[in-house]
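# Observations on the model geometry
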Amino acid sequence: MRVLIASTFVPFIEGGGTKIVDDLHREMKARGIDSDVVLLPLYSAWDEIAEQTLAFRLLDVTESAGNRIDRLITIRYPSYALRHPSKVAWFIHHHREAYDLWGTKWGGMPENAVGRHYRNMMHRSDDIYLRECQRIYTNSAVVADRLQKFSGLTADRVLYPPLASGHPFRPSRESGDYIFYPSRITRIKRQDLAIRAMPHTPHKLRLVIAGTGDVEGSVDELRVLATELGVLDRVEFTGWISEERKAELMAGCVGCLYLAFDEDSYGYVTLEAFHSAKPVITLTDSGGSLEVVRDGKNGFVCEPTPVALGDAMSRLWARPSVARTMGERAHKTIEEFRIDWDHVLENLLS
Amino acid sequence: MKISIVNVQAPFIRGGAEYLADSLATKLLERGHRVAIVKIPFKWYPEEALLDHMLACRLLRIRSGDPDLVIALKFPAYLIPFKNRKVWLLHQFRQVYELWGTPWAGMPDDPRTRRIRDMIRNADTAALGSAKKLYTNSKMVADRLKRFNGIDADGILYPPLDRAELFHKAEAKPYFFYPSRLNTVKRQHVAIEAMRFVKSPFQLVLAGKADSDEYGEQLRALVETHGLADRVRFLGWISEEEKARWMSECLAAVYLPYDEDSYGYVTLEAFLSHKCVLTFSDSGGTNELIAHERNGLIVEPTPEALAEAMERAYANPARTLEMGDEAAKTPAELGIDWQHILDTLTA
């Protein structure tokens, strides 16, 4: 079986939606499936998407140099505009400003006749091209709901993206004196809230923040905040760390934080914590992580306030045996949601 | 600088242009640039698909990621609009140029295909003529551009080897070396037939994998039929390191492609190993680098003529190796090095 994976990307942007493509491709190759990738550049200005969609429509990927391509798997929008008789979508999001972000402060499209016209074009082309797919999978229930609501399409199943094979995260029962938050340091991940929660936690509990900032000075800002709150001696910034080091720090933590705002999917950090058998604290407005983190079971879901977050952190710290039990449940969550590549490939290739 | 290299891809197939794009990206990265390779899928049949892919390229936005410079390599990727677009032309669609009307055109000559041919030529003329800078990979391609599109290239940038440092000079042994994929266009069968006419005790060493099992078997049968088993050696696929060693110890290299667009890496590998090259008068691009009796021998495309050239090279090894030393100077003379190419493309 010859399988082509198609997606779009923005050159020069790290992790611009290409990780899921690379991982999928690697998993297929590891299983001896003849696969290749087509990654098309996409310029996301709302008034230039239509002609790029047409460009994708014109590219013929039904065959390559006389060899039949048996299956096309499309990922990021609007790669599903490509034509193929056996097309499957692993749908990760619409062009959100024309959908759920339309009319909110997060969208950039003008709410006038021109903006509406372009929005309608996107809706129409998504409606048509997605309906050509033999099957549609999404990467989260949030996205599946949105697909139902806006495109009237029922996803066949949610396929949660697993970690790449060979990842270093292993179940761990040891537990140190710190809460761990590894992530890109940026406002939407709310590392500042984690620091603001620290005054509301016991003096012996530390916070370890790993990752580098999107913009220069973002770590310094957090450091200033910790100083002002008098908790700098309890907050450690590791900077960039290797995956192996991340796994070590994850293995030794009391629990892990994932505080993103309104995300579409659960974020790899949550999954890394689950693989390490660690509970995850997330927030009621975090979005995707709420699909897999259940309050009091495999983590805590708390209000996005310093007091509530500090309270959740304190509770994990105060009762290590409870934290450990929650960690064990967190590890079982992976199986429960079938977050593994065998399951993903079985569906995408069936 | 942020640089996007734009190329085309036939999924599941990797060719020379893709390796070159990778090398170019690596070298640019080493210079501290940020580099992205963008590959546009390409399918050239039925003929109408050519027009679809051309239009698609016009509609794509290589502006994505906000590059400072776009370097386009092949048809139809160079049609993608961008202000600072430079073209290092490795490939036009030859079928509608000098191959038109020949069996290699791959399409009949009728009013419908003629319209498609003209649309491609017109699009090429517009896109290549409007590039900020236009370089070709050979004089042949530059000449074609002038003849069919009326465009003067800004220069020729001969593609260098990715790992030039592997190739070196060593003591010569009595064999001729021909490393290349085995296929009819490379004409290894002619090299084997030449060995029938050879009297002196030297060997022909062929390295490379057969493109088709059929041709591989045909070559072996040829060796068998003419009782050349002790004179012709097949190495099969070998590593770059092994190739460099075989090249360093040969008396001279043999490279016999039919009408190639570019000079072929074999020629360059031989030159860097201080070896002259035996080639044919109809080999195309190789003749741009090889000057007869200076750094190689260019002979008529027959087994007899090749046999005679090999005998001459064997009879006077001092002269042959002198031509090899001369050959080693050629790459620098033609500016075949990454330094020159990067300077030119990023100027």
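Residues numbered from 1 in each chain as written. Chains lettered and ligands numbered in written order. Predicted model: local features only at pLDDT ≥ 70, side-chain atom pairs only at ≥ 80, totals over all residues.

### Some details on the overall build of chain B
Helix and strand content of chain B: 13 helices and 12 strands. Here chain B has a C-alpha radius of gyration of 21 Å; the compact-globule value for 347 residues is 20 Å, and the two agree. In terms of principal-axis extent, the alpha carbons of chain B reach across some 60 × 50 × 35 Å. Buried residues in chain B amount to 43% of all 347 residues. A sequence separation of at least 24 residues applies to 69% of the contacts in chain B between residues at least 6 apart. (Helix = DSSP H or I, 4+ residues; strand = E, 2+ residues; numbered from the N terminus. Rg over C-alpha atoms; globule rule 2.2 N^0.38 Å. Buried ≥ 20, exposed ≤ 12 C-beta atoms within 10 Å, placed from the backbone. Contact = placed C-beta atoms within 7 Å.)

### So, the overall build of chain A
Within chain A one finds 11 helices and 14 strands. A compact globule built from 350 residues would reach a C-alpha radius of gyration of about 20 Å, and chain A, at 21 Å, matches this within 12%. For the C-alpha atoms alone, the extent of chain A along its principal axes is close to 65 × 50 × 35 Å. Expressed as a percentage of the 350 residues in chain A, the buried residues total 46%. Of the contacts made within chain A by residues no fewer than 6 positions apart, 68% connect residues no fewer than 24 positions apart.

### Side note on the interface of chain B and chain A
Contacts between chain B and chain A engage 24 residues on the former and 26 residues on the latter. Among the elements that make up the side of chain B that touches chain A, the one with the highest residue count is helix 2 (residues 47–59) of chain B (six residues).

### Regarding the pairing of strand 7 (residues 175–179) of chain B
Residues and elements named next belong to chain B. Extensive coverage of strand 7 is indicated by the burial of four of its five residues. Pairing of strand 7 with strand 8 (residues 203–207), which is carried by five bridges, proceeds in the parallel orientation. Following the sheet pairing, Tyr-178 is matched in strand 8 by Leu-206. Crossover handedness for the path strand 7 to helix 5 (residues 188–195) to strand 8: right-handed. (Pairing = 2+ DSSP bridges. Right-handed = clockwise from strand over helix to strand, strands pointing away.)

### Quick notes on the nonpolar core
Counting residues in each nonpolar core, the largest one holds 194 residues, and the members touching the most others are Cys-256 of chain A together with Val-6 and Ala-253 of chain B. Setting aside its immediate chain neighbours within four residues, Cys-256 of chain A contacts Phe-180, Tyr-181, Met-250, Val-269, Ala-273, Lys-278 and Val-280 of chain A. (Core = buried A, V, L, I, M, F, W, Y, C linked by C-beta atoms within 7 Å.)

### Considerations on the domain arrangement of chain B
Residues and elements named next belong to chain B. Here chain B is described as being made up of domain 1 (2–157) and domain 2 (164–333). If you average the C-alpha positions of domain 1 and of domain 2, the two centres end up 31 Å apart. Each partner contributes residues to the interface: domain 1 has five residues there, and domain 2 has six residues. Residues of the side of domain 1 that touches domain 2, tallied by class, amount to two nonpolar, two polar and one charged. (Domains from an automatic or database assignment. Nonpolar A, V, L, I, M, F, W, Y, C, P; charged D, E, K, R; others polar.)

### Overview of the sheet that holds strand 13 (residues 280–283) of chain A
Residue and element names in this part refer to chain A. Judged by pairing direction, the sheet is parallel, and its six strands sit side by side in the order 11-10-9-12-13-14 without closing on themselves. The two strands at the open ends of the sheet, each matched to only one other strand, are strand 11 (235–239) and strand 14 (299–302). Shown here is a sheet whose adjacent strand axes are inclined to one another by a mean of 25°, direction ignored. Where strand 9 (residues 178–182) and strand 12 (residues 255–257) come together, two bridges link them in parallel fashion. Residue pairing for strand 12: Ile-179 is matched across the bridge by Gly-255. (Axes fitted to C-alpha atoms, helices over the stretch in contact; angles between N-to-C directions.)

### Overview of the packing of helix 8 (residues 268–275) of chain A against helix 10 (residues 320–336) of chain A
In helix packing, the relevant descriptors are the interaxial angle and the interaxial distance, both defined with respect to the helix axes. All names here are of chain A. Running from N to C, helix 8 and helix 10 point in directions that differ by 115°, and their axes come no closer than 7 Å. Considering the angle they form, helix 8 stands roughly perpendicular to helix 10. Judged by residue contacts, Ala-273, Phe-274 and His-275 of helix 8 engage Ala-330, His-331, Thr-333 and Ile-334 from helix 10. Split into classes, the residues belonging to the contact of helix 8 with helix 10 amount to four nonpolar, three polar and no charged. (Parallel < 35°, antiparallel > 145°, perpendicular 65-115°, else oblique.)

### Things to note about the pairing of strand 1 (residues 2–9) of chain B
Residues and elements named next belong to chain B. Taken across its eight residues, strand 1 has seven buried, putting it largely inside the fold. Bridge count for strand 1 against strand 2 (residues 34–41) is eight bridges, and the pairing is parallel. Paired with Ile-3 across the strands is Val-35, a residue of strand 2. Following the backbone out of strand 1, through helix 1 (residues 16–30) and into the adjacent parallel strand 2, one traces a crossover that is right-handed. As paired strands, strand 1 and strand 3 (residues 69–74) are joined by four bridges and run parallel to one another.

### Here we look at the sheet that holds strand 12 (residues 296–299) of chain B
All names here are of chain B. Read across the sheet, six strands follow the order 9-8-7-10-11-12 without closing on themselves; strand pairing throughout is parallel. The open sheet has two edge strands with one neighbour each: strand 9 (232–236) and strand 12. Looking at each pair of strands side by side, their axes are set apart by 25° on average, direction ignored. Of the strands in this sheet, strand 7, strand 8, strand 9 and strand 10 (252–254) are in contact with helix 5, which crosses strand 8 at around 165°.

### Some details on the domain arrangement of chain A
Residue and element names in this part refer to chain A. Assigned domains within chain A: domain 1 (2–159) and domain 2 (178–336). Distance between the C-alpha centres of domain 1 and domain 2: 31 Å. In this complex, domain 1 contributes six residues to the contact, which on the side of domain 2 involves six residues.

### Observations regarding the packing of helix 3 (residues 111–129) of chain B against helix 4 (residues 139–149) of chain B
All names here are of chain B. Packing of helix 3 against helix 4 leaves a shortest axis separation of 11 Å and a crossing angle of 115°. Taken together, the axes of helix 3 and helix 4 lie roughly perpendicular to each other. Where helix 3 crosses over helix 4, the two elements pack in a sense that is left-handed. Along the contact surface, helix 3 presents Arg-121, Asp-124, Thr-125 and Leu-128, while helix 4 presents Leu-145, Phe-148 and Asn-149. A breakdown of the residues in the contact of helix 3 with helix 4 according to their chemical character gives three nonpolar, two polar and two charged. (Left-handed = near helix turned anticlockwise from the far one by under 90°.)

### Some points on the environment of Ala-226 of chain A
Residues and elements named next belong to chain A. Considering the arrangement of structural elements, one finds Ala-226 in helix 6 (residues 218–228). Between the C-alpha atom of Ala-226 and that of Ser-44, which follows or precedes it by 182 residues, the distance is 37 Å. Not counting residues up to four positions away in its chain, the partners in contact with Ala-226 are Ile-195, Val-231, Leu-232 and Val-235.

### Brief notes about unusual backbone geometry
Note that the residue after Tyr-77 of chain A, namely Pro-78 of chain A, is joined by a cis bond; omega there is -15°. Here Pro-78 of chain A shows up in the loop between strand 5 (71–74) and strand 6 (87–91). The omega torsion across Tyr-45 of chain B and Pro-46 of chain B is -10°, close enough to zero to call that bond cis. Structurally, Pro-46 of chain B can be placed in the loop between strand 2 and helix 2. Positive phi values are uncommon outside glycine, yet Asp-66 of chain B reaches one of about 55°. Looking at where Asp-66 of chain B falls in the secondary structure, it is placed in the loop between helix 2 and strand 3.

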